[in-house]
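# Chains, contacts and geometry: an overview
Listed below, chain by chain, are the residues.
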Amino acid sequence: MSTAGTQRRISIRTLLEQATAGAPVEATGWVKTARFSKNVSFVHLFDGSTTKTVQVVLTAEQAAELKDQLGIGAALRVRGSWVASPGGEQDHEIGATEVIVVGTSDPATYPLQKKRTSLEHLRTIAHLRPRTNTFQSLFRVRNALSWQIHRFYQERGFQWVHTPILATMDAEGAGELFSVQAGDAPEGFFGKPAFLAVSGQLEVESFAQAFTDVYTFGPTFRAENSNTARHASEFWMIEPEMAFADLNDVIALAEEFIKEITRGTLAQCPEDFAFFDKFIEKGLLDKIQAVLDAPFARVTWHDAQEHLVRADRQWEHPVGPGTSLQAEHERYLAEEVFKGPVFITDYPGDQKAFYMRLNDDGETVAATDLIVPRLGEIIGGSQREERLEVLLQRMAHHGMSEAPYWWYTDLRRFGSTPHGGFGLGFERMLLWLTGMKNIRDAIPFPRTPGSADF
Ligand code: 4AD
Ligand code: MG
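A brief look at the structure comes next.

Calculation rules
- Residues numbered from 1 in each chain as written.
- Chains lettered and ligands numbered in written order.
- Predicted model: local features only at pLDDT ≥ 70, side-chain atom pairs only at ≥ 80, totals over all residues.
- Heavy atoms only, no water.
- Pairing = 2+ DSSP bridges.
- Helix = DSSP H or I, 4+ residues; strand = E, 2+ residues; numbered from the N terminus.
- Axes fitted to C-alpha atoms, helices over the stretch in contact; angles between N-to-C directions.
- Buried < 20%, exposed > 50% of the residue type's maximum accessible area, 1.4 Å probe, protein only.
- Contact = heavy atoms within 4.5 Å.
- Salt bridge = Lys/Arg side-chain N within 4 Å of Asp/Glu carboxyl O.

### Let's talk about the sheet that holds strand 2 (residues 41-46)
- Strands sit in the order 1-2-3-5-4 around a closed barrel of five strands; the barrel is mixed. Each strand axis lies, on average, 55° off the axis of its neighbour in the sheet, ignoring direction.
- Of the strand pairs in this sheet, strand 3 (residues 54-58) and strand 5 (residues 92-103) are connected by two bridges, and their pairing is parallel. Its bridge partner lying in strand 5, valine 57 is registered against glycine 95.

### Considering the environment of leucine 166
- In this fold, leucine 166 is placed in strand 7 (residues 166-167).
- On the basis of relative accessibility, which here comes to 47%, the residue leucine 166 falls in the partly exposed class.
- Each C-alpha atom of the pair leucine 166 and alanine 197 lies 6.0 Å from the other, and the pair is 31 residues apart in sequence.
- What leucine 166 contacts, discounting residues up to four positions off in sequence, is Val180, Phe190, Phe195 and Leu196.

### Here's the deal with helix 13 (residues 426-434)
- With respect to burial, helix 13 is a largely interior element, nine of its nine residues being buried.
- Phe426, Glu427, Arg428, Met429, Leu430, Leu431, Trp432, Leu433 and Thr434 are the residues of helix 13 that are buried.
- Positioned one or two residues after helix 13, glycine 435 has a phi angle of 80°, which is positive.

### Points about the pattern of salt bridges
- Tallied over the entire structure, the rule returns 24 salt bridges.
- Of the charged contacts in the structure, one is a salt bridge between glutamate 98 and arginine 79, with a shortest N-O distance of 3.2 Å. Separated by 19 residues along the polypeptide, glutamate 98 in strand 5 and arginine 79 in strand 4 (residues 75-84) bring together distant segments of the chain.
- One salt bridge in this structure joins arginine 151 and glutamate 155, with 3.1 Å as the shortest N-O distance. Remark: glutamate 155 and arginine 151 occur in helix 4 (residues 133-155); sequence separation between them is four residues, near one turn of the helix.
- A relative accessible area of 54% means that glutamate 155 is categorised as exposed.
- Put simply, Glu26, Arg77, Arg79 and Glu98 are held in one network by salt bridges that share partners.

Geometric descriptors of this kind do not, in isolation, establish any biological role.
Right, here's the structure in full:
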């Protein structure tokens, strides 16, 4: 069926875990290291399935014939037998009977050399960085985290909803929109302005009012001109939404969600986490365990401001009533006051999106942000305004026109329920889990202001 012969190939992970001594084996992969000497020559292959490489021992004839083609980065198909490995780090190795060079790689010009290259430099070769140890682990963890997120919701009966990417309204009202154009019709392709979605929340609310528990998981786009290590123009977001739920339900779900997907991902990728713990952030695993073992803190915005006012330090940005929380404040609260993740709740309505439910004080809204040490906000969520009259007042207050939101307000006319949800920034979660510092190193091909090079 396959001319490439994929039927017989097994992953290096399966090979290392399951092959029996003496059995014929076939592996494919890329050369990580190669060593040629008079007595023994071998190459180490990786294929992305594990942190480990497989050692392939060559005969003297193979070595002599192929030496020039087995440079670092070359793609090989190897057949041979699985034999005990005397000495060395590995128990077994492939004694090669056949070595096929599938794709050569000139070691003189291959951009990934043996010595470690800076993360900044690797961003300029984003097409090759997935072959490095750091990004092998990072992208395996990214994959596992996605899987754990779906598992978490599927096991709890949440329906995954595919909300549109081509949007015609501004869900967050923050105006950070990428516009979409095609052709030159003055009214645009859709007869109205179109954008890339900043969130799927408004659309998924209509599904929560039909399926009760739902979530989105997809790419979102923001034209914020924020050149920080935590902002990307294109990032992935998970947005659960629950009907018949209030802010306490939203917060309880968020905490259980963060803890469960963390446990699941740790269990799925133990070797990758050992790598991050050793090379990226010392003590990472202990830090994660401490977070799993303790309940998350919770504080109102008002009380959080009191902590800041009382703090014995010079703030760059003002604190107290009438101000808004800046990154320096969020980090202080998570790192010094609560020493771990903290839900901040009940923000002033003027600082938050129009759809958040107005509290009885008429000033604050039933919002929550989850703030973590080092990174700040990783989750933003709220209970939604389910009362038609109040929602219309909030929209007017935010200077929004009702017409485009007719269907959103309609949801408050027909079987409206108290409901709410949150958005988790997927890449920020990945930074938190792995100890990586820059969002550009948590997504395959980052887009940030001034940079979309691949
Ligand atoms: O707080 P945000 O803007 O909330 C929403 O979009 C709501 N619609 C969510 C909801 O209630 N359903 O964004 C949610 C999260 C943030 O907490 C942050 O982790 C992440 O998305 N995020 C970004 N991540 C990377 N780059 C950016 N530019 C981000 N903007 C937000
Ligand atoms: Mg937010």
